[in-house]
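# A closer look at the structure
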Amino acid sequence: MPRLCRTFQTAPAAVPREDSAKYLRSGLTAEGFALPDWLVPDLEDGTAPEMKDAALENTVELLSEHGEAFAGELWPRVQWGYDSERARDRGREEIETLVREVGAEIDGVVVPKVGRAADVRRALDAVAEFERTYGHDEGSIELSIIVETARAVSDLSEIARLGEDGRLAGLVFGPVDYTAELGGREFDGSRPTWPALLERLSNEASANDLVAVGGPFDQLFEERAGVTFYNGDAYADQVEREAAVGLDGSWSLHPNQTEQANRIHTPRPEELRRDVGRIEAFQDAKSEGTGAVSVDGQMIDEATFKNFANTVETVRRIHETRPRQTDERFDDALLERALALDTEW
Amino acid sequence: MPRLCRTFQTAPAAVPREDSAKYLRSGLTAEGFALPDWLVPDLEDGTAPEMKDAALENTVELLSEHGEAFAGELWPRVQWGYDSERARDRGREEIETLVREVGAEIDGVVVPKVGRAADVRRALDAVAEFERTYGHDEGSIELSIIVETARAVSDLSEIARLGEDGRLAGLVFGPVDYTAELGGREFDGSRPTWPALLERLSNEASANDLVAVGGPFDQLFEERAGVTFYNGDAYADQVEREAAVGLDGSWSLHPNQTEQANRIHTPRPEELRRDVGRIEAFQDAKSEGTGAVSVDGQMIDEATFKNFANTVETVRRIHETRPRQTDERFDDALLERALALDTEW
Amino acid sequence: MPRLCRTFQTAPAAVPREDSAKYLRSGLTAEGFALPDWLVPDLEDGTAPEMKDAALENTVELLSEHGEAFAGELWPRVQWGYDSERARDRGREEIETLVREVGAEIDGVVVPKVGRAADVRRALDAVAEFERTYGHDEGSIELSIIVETARAVSDLSEIARLGEDGRLAGLVFGPVDYTAELGGREFDGSRPTWPALLERLSNEASANDLVAVGGPFDQLFEERAGVTFYNGDAYADQVEREAAVGLDGSWSLHPNQTEQANRIHTPRPEELRRDVGRIEAFQDAKSEGTGAVSVDGQMIDEATFKNFANTVETVRRIHETRPRQTDERFDDALLERALALDTEW
């Protein structure tokens, strides 16, 4: 069962404001359902070119201060580019600084715009090199990549199998760069959603025990009749499509999105109640020796059982580290049943 | 042109009833459109753990009794698991028993939960070994696999190319296990349907002359206003989606489903009439030296011609071994025309 | 940025009419938006078997006469078949004649019905051989293939990487043969559209700097209430779906389709106006040192910027060689702004 990554929240690590670390600070101190599972201080596209140095300083400073107390994982995104040696040099410098200064606080680094498998190997080698240089345990600093170039998608199976060595941890979709590279276009205001690629991303992540995450949704606000409001419906639609095909989590650009995605990637109360009930009915039948069981007109076999067990195990995983979220979402009796259950077939 | 497999009907090989072989017996004695092209005595998920021995005994006994008379193919599904040596050991024992006892009656075995290509090779080797040990002709006992793990999907091209040696015969989709492994979820009561995977399954099967079959549909019954009835509409929708992308057949869990899927995977009378007419018009034009022909406003070239020929050849293939079905479905005059036609371009 | 190929117009190179080169001539002398970016004299499926010799003669004659003046590219389609030595022999002969007689006029040849990568290598070798024999510069005559067999789709990544040597230039989808080979079928009058394959075709083309083109739409005319009319809506829907996922162009069977596809694959005036405005706003902000910019409520980062730059660069590419088209489509002021802009991030 892969690790928890319902939300992958990027925060620009420096913005042209009085407190240039405003968004980073707010991510690091979020609570409840606004707490992202992965917080990603963004040194890349979210930070303006002239603020890159400030972004790295902010990241080092705030992760030193808040890193240990932060309940989620910390994954700075550095610069990179399969087609730009300059970008890769910057990325290597950023990785070195992060590993040297806050290597104990970060879980890994996120590397964008990777190309074919050979380029991903370069990124893996850079992390390994600085991990060794600065005395961290082998494999303690992981790598996630943004899948956003045609070359990376072409080599996706081979890239995902690099996960067998243990350092590669996540595949994150980057639809905006991807659409630009393929020359995709908007019609009637809708951009291409790349459903076949999402299926494949989910598959390759599962085949190699990696985390899979969908892409950002940047139409944060909508205007209607002169009023601007948070565009929650469209984001929820996207997150549900991602959860349906088995992505572990969704990209968040805003605390509101984090609240939504954390909730959508957590089983619904009625979903938990239904699946707990099915497992209990099955276990009762098994202990009575009845064998296969039909519940609500559906026969329960090992394959369907696994889907029910998934629901329960996800809730348990959340409960272990985010009890405030499970306590808020489920009534006590149901949560007790979920925790007490035997989920072995 | 691949073999006939419009229906892949699994029947639990032992159920906790007075006649534990009830469903197996009913499959073996079905007639007309209820006769499945492939009948799959299920020793795996369809049979409760404590009935596995009875399931193997029933299969041996009933296939000995009815196998020779059965007009379709016989493909027992054994236990297996890329991630479970215990399951593979059981699977090998089941394959050995089946090949030894009813090796002449079965067309092959169905192996579920295979992983990467190396695991499929293990299954191929097991069949080859027992085929040799018990003196059957080389290649006479084939293998079909259930594609239901992320690893198998990741290696699908390589796995399908194993068909070049002739023993691998079919790729069958297993969406329930697959969805559990990827962590997919239901929203608004709909499960993910994996359309990109179905396209690829159909492609790899065609590239290697294998049969391709869709996954089971287990919401067999619906309840509305207190009345429970057979859920034929939703199943037909699924079967049509599968036929559209070129799957040879659909999975059936019930004789009603077999009746439906056999019909849907048989050309419709108006489809046969239209395509026979187009081919006749084309052949007339060719013999008059007119060259390219336009029928119903559509130009007929070699590519469109092949699609019309597919329709006719499928009907002929069915007619060869299931004349009751073609006689019931088509009027005599149309069937005569389809049989008499020259389908060469 | 790949070359211009908004339209891939096939013209039967010989038809049973008084002027057997009627369609070819009309393609070669088309003007304005009816001028195809690529004109494809069709020696294959569009030409009846008994007119193949005339087709080759017409192609040689008309390309000699009009080739130099034609503003687009010229790409005759020859015969071929991964499963037919006879078809490949004919294809080689046709390639030889074309290279010998009009090697300076053609940009490349289109080879249909290729199979696995090894078969595409055979086609590449044939072109290279005759290019050398008849004294043309190495690589001056390119190859595009029709992707229309299960084997080619299975090997698509490997085939597309053959583009690294520079001769392979384009991947064109052939849905009619493809559907026949997979055994796909129509339901409710709709044929399968293979969306997952289109995503992959677009990806592999982009990963290897190839042109990607969608398949033909042959329901050219519709009849309603006794009146037959051009079926422009359905074709536009298909072309928009292709443009959305980043295909460079669409297949055209008729000058009307060429007019439509050229227009759809050209940015809309409001699209150009919007993206020019966004880039201007971004460049202003950059020169004022403001860093990241939000325009119309959307933050502009390097990834979104690339999508806007795509729009502008496509217009410039068209303007270079087809100024009549850009002049007709955009008002002078807007075009001036697009040409003057700095599209570097």
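None of these values were measured; they are calculated from a predicted model. (Residues numbered from 1 in each chain as written. Chains lettered and ligands numbered in written order. Predicted model: local features only at pLDDT ≥ 70, side-chain atom pairs only at ≥ 80, totals over all residues. Heavy atoms only, no water.)

Attention shifts here to the overall build of chain A. Looking only at helices and strands, one finds 14 helices and twelve strands in chain A. Here the C-alpha atoms of chain A give a radius of gyration of 21 Å, agreeing with the 20 Å that 2.2 N^0.38 yields for 345 residues. Along the three orthogonal principal directions, the C-alpha set of chain A runs to about 65 × 55 × 40 Å. Per-residue burial over chain A gives 62% buried out of 345 residues. For chain A, long-range pairs separated by at least 24 residues make up 76% of all intrachain contacts whose partners lie at least 6 apart in sequence. When the accessible area of chain A is evaluated, it comes to approximately 13,600 Å², of which 45% is carbon and sulfur surface. Distance between charge centroids for chain A: 3 Å, based on 38 positive and 69 negative side chains. (Helix = DSSP H or I, 4+ residues; strand = E, 2+ residues; numbered from the N terminus. Rg over C-alpha atoms; globule rule 2.2 N^0.38 Å. Buried < 20%, exposed > 50% of the residue type's maximum accessible area, 1.4 Å probe, protein only. Contact = heavy atoms within 4.5 Å. Areas by Shrake-Rupley, 256 points an atom, 1.4 Å probe, with all protein chains shown as cover. Lys, Arg positive; Asp, Glu negative; His and termini not counted. Charge placed at Lys NZ, Arg CZ, Asp CG, Glu CD.)

Another aspect to go through is the side chain of D177 of chain A. Turning to its location among the elements, D177 of chain A is positioned in helix α7 (residues 175-182). Looking at D177 of chain A, the relative accessible area reads 4%, which means it is buried. Separated by 2.6 Å, the side chains of D177 of chain A and K306 of chain C make a polar contact. D177 of chain A has contacts with D45, K113 and E148 of chain A together with A303 and K306 of chain C, leaving out every residue within four places of it along the chain. (Polar contact = N/O pair within 3.5 Å; in protein donor to acceptor, adjacent residues only side chain to side chain.)

Attention now goes to the interface of chain C and chain A. Listed per partner, the contact involves 37 residues of chain C and 33 residues of chain A. Here chain C and chain A share 15 residue pairs in polar contact (both at pLDDT 80 or more) between them. Listing elements by their share of the side of chain C that touches chain A, those giving two or more residues are α6 (156-161), α8 (195-207), α9 (232-244), α11 (269-287), β12 (298-300) and α12 (302-321) of chain C. In terms of residue count, the dominant contributor to the side of chain C that touches chain A is α8 of chain C (seven residues).

A separate point is the relation of the copies chain C and chain A. Screw-axis analysis of chain C against chain A gives a translation of 0.0 Å along the axis, an RMSD of 0.0 Å, and a rotation angle of 120°. With respect to symmetry, the two chain copies, as superposed, fit the operation of a three-fold axis. Closest approach to the rotation axis among the C-alpha atoms of chain C is made by A196 of chain C, whose C-alpha sits 3.0 Å away. An overlap of only 3% is found between the interface residues of chain C and their copies at the interface of chain A, pointing to separate contact surfaces. (Least-squares fit on C-alpha atoms with pLDDT ≥ 70 in both.)

The next subject is unusual backbone geometry. Of note, the phi angle at A225 of chain B is positive, near 50°, even though the residue is not glycine. Positionally, A225 of chain B belongs in the loop between β8 (221-224) and β9 (227-230). By relative accessible area, A225 of chain B is classed as exposed at 78%. Positive phi values are uncommon outside glycine, yet W194 of chain C reaches one of about 55°. For W194 of chain C, a relative accessible area of 1% gives the class buried.

Bringing the relation of the copies chain A and chain B into the picture now. Take chain A, turn it by 120°, move it 0.0 Å along the axis, and it overlays chain B with an RMSD of 0.0 Å. Taken together, the interface assignments show that only 3% of the residues at the interface of chain A recur at the interface of chain B, consistent with different surfaces on the two copies.

With that settled, the discussion passes to the interface of chain A and chain B. With 37 residues of chain A at the contact, the number on the chain B side is 33 residues. Between chain A and chain B the total buried area reaches about 2,700 Å² when both faces are included, carbon and sulfur atoms providing 45% of it. Inspection of the region where chain A meets chain B yields three salt bridges. With a closest N to O distance of 3.8 Å, E186 of chain B and R274 of chain A form a salt bridge. Run the count over chain A and chain B and you get 15 residue pairs in polar contact (both at pLDDT 80 or more). Put simply, the parts of the chain that give the side of chain A that touches chain B at least two residues each are α6 (156-161), α8 (195-207), α9 (232-244), α11 (269-287), β12 (298-300) and α12 (302-321) of chain A. Per element, the largest residue contribution to the side of chain A that touches chain B is seven residues, and it comes from α8 of chain A. Looking at the side of chain A that touches chain B residue by residue, the class counts come to eleven nonpolar, 15 polar and eleven charged. (Buried area = accessible area lost by both parts, 1.4 Å probe. Salt bridge = Lys/Arg side-chain N within 4 Å of Asp/Glu carboxyl O. Nonpolar A, V, L, I, M, F, W, Y, C, P; charged D, E, K, R; others polar.)

Residue and element names in this part refer to chain A. Tracing the chain through its elements places T10 in strand β1 (residues 7-12). Residue classification places T10 among the buried positions, given a relative accessible area of 7%. In terms of polar contacts, T10 uses its side chain to reach the side chain of W251, at 3.0 Å. Not counting residues up to four positions away in its chain, the partners in contact with T10 are V40, D42, W251, S252 and L253.

UniProt marks residues 35-210 of chain A with the feature "domain: HpcH/HpaI aldolase/citrate lyase" (unreviewed entry), using the numbering shown here. In residues 35-210 of chain A, helix accounts for 47% and strand for 13%; the two terminal C-alpha atoms are 22 Å from one another. (UniProt positions renumbered as here; feature names shortened; annotations may be inferred.)

The way to describe two aromatic rings as a pair is by their centre distance and the angle between their planes. One pass over the structure, following the stated rule, counts 24 aromatic pairs over all chains. Measuring from ring centre to ring centre gives 5.8 Å for F173 of chain C and Y178 of chain C, while their planes differ by 65°; the resulting arrangement is edge-to-face. By relative accessible area, which is 3% here, F173 of chain C ends up buried. Each residue in the set F8, W38, W75 and W251 of chain A is aromatic and connected to the rest through ring pairs, giving one cluster. (Phe/Tyr/Trp six-rings, centres within 6.5 Å; stacked < 30°, edge-to-face > 60°.)

Before going further, it helps to spend a moment on the packing of helix α12 (residues 302-321) of chain B against helix α7 (residues 175-182) of chain C. Packing of α12 of chain B against α7 of chain C leaves a shortest axis separation of 8 Å and a crossing angle of 25°. Between α12 of chain B and α7 of chain C, the angle falls in the class roughly parallel. Crossing handedness for the pair α12 of chain B and α7 of chain C: left-handed. Side by side, α12 of chain B and α7 of chain C meet where A303, T304, K306, N307 and N310 of chain B of the first sit next to V176, D177, T179 and A180 of chain C of the second. Its residues assigned to classes, the contact of α12 of chain B with α7 of chain C shows three nonpolar, four polar and two charged. (Axes fitted to C-alpha atoms, helices over the stretch in contact; angles between N-to-C directions. Parallel < 35°, antiparallel > 145°, perpendicular 65-115°, else oblique. Left-handed = near helix turned anticlockwise from the far one by under 90°.)

Residue and element names in this part refer to chain A. When cut into domains, chain A gives domain 1 (7-264) and domain 2 (269-340). The straight-line distance from the C-alpha centre of domain 1 to that of domain 2 is 32 Å. Summed over both partners, the interface of domain 1 with domain 2 buries about 720 Å², with 40% contributed by carbon and sulfur atoms. Looking only at domain 1, the three residues that lose the most surface to domain 2 are G32, F33 and R263, adding up to 60% of its buried area. Counting across the interface, domain 1 meets domain 2 through three salt bridges. (Domains from an automatic or database assignment.)

With that settled, consider the sheet that holds strand β10 (residues 250-252) of chain B. Read across the sheet, four strands follow the order β3-β2-β1-β10 (chain B) without closing on themselves; strand pairing throughout is parallel. Here the strands that pair on one side only, and so sit at the sheet edges, are β3 (73-74) and β10 of chain B. (Pairing = 2+ DSSP bridges.)

Now for the pattern of salt bridges. Side chains carrying opposite charge are able to pair once their charged atoms draw close together. Taken as a whole and judged by the stated rule, the model has 93 salt bridges over all chains. Between R3 of chain B and E142 of chain B there is a salt bridge; the shortest N-O distance is 2.7 Å. In this pair, R3 of chain B is assigned in the segment before β1 (7-12) and E142 of chain B in strand β5 (residues 142-147), connecting sequence segments 139 residues apart. You can call R3 of chain B partly exposed: its relative accessible area is 26%. For E142 of chain B, a relative accessible area of 14% gives the class buried. Here R122 of chain C and D119 of chain C are joined by a salt bridge, their closest N and O atoms 2.6 Å apart. A residue pair is termed a helical-turn pair when its members lie 3 or 4 positions apart in one helix, as R122 of chain C and D119 of chain C do in helix α4 (residues 117-133) at three residues. For R122 of chain C, a relative accessible area of 38% puts it in the partly exposed group. Via salt bridges that share partners, D42, E44, D45, R77, K113 and D177 of chain A together with K306 of chain C belong to a single interconnected network.

In this section: the sheet that holds β5 of chain B. Residue and element names in this part refer to chain B. Taken in spatial order, the four strands of this open sheet run β4-β5-β6-β7, and their pairing is parallel. Single-partner strands in this sheet number two, and they are β4 (108-111) and β7 (211-213). Between one strand axis and the next, the sheet turns through 20° on average, direction left out of account.

Residues and elements named next belong to chain C. Where burial is concerned, most of strand β1 (residues 7-12) is hidden: five out of the six residues are buried. As defined by bridge partners, β1 adjoins strand β2 (residues 38-42) across five bridges and the pair is classed as parallel. In the strand pairing of β2, Q9 is matched with L39. Handedness of the β1-helix α1 (residues 22-28)-β2 crossover: right-handed. (Right-handed = clockwise from strand over helix to strand, strands pointing away.)

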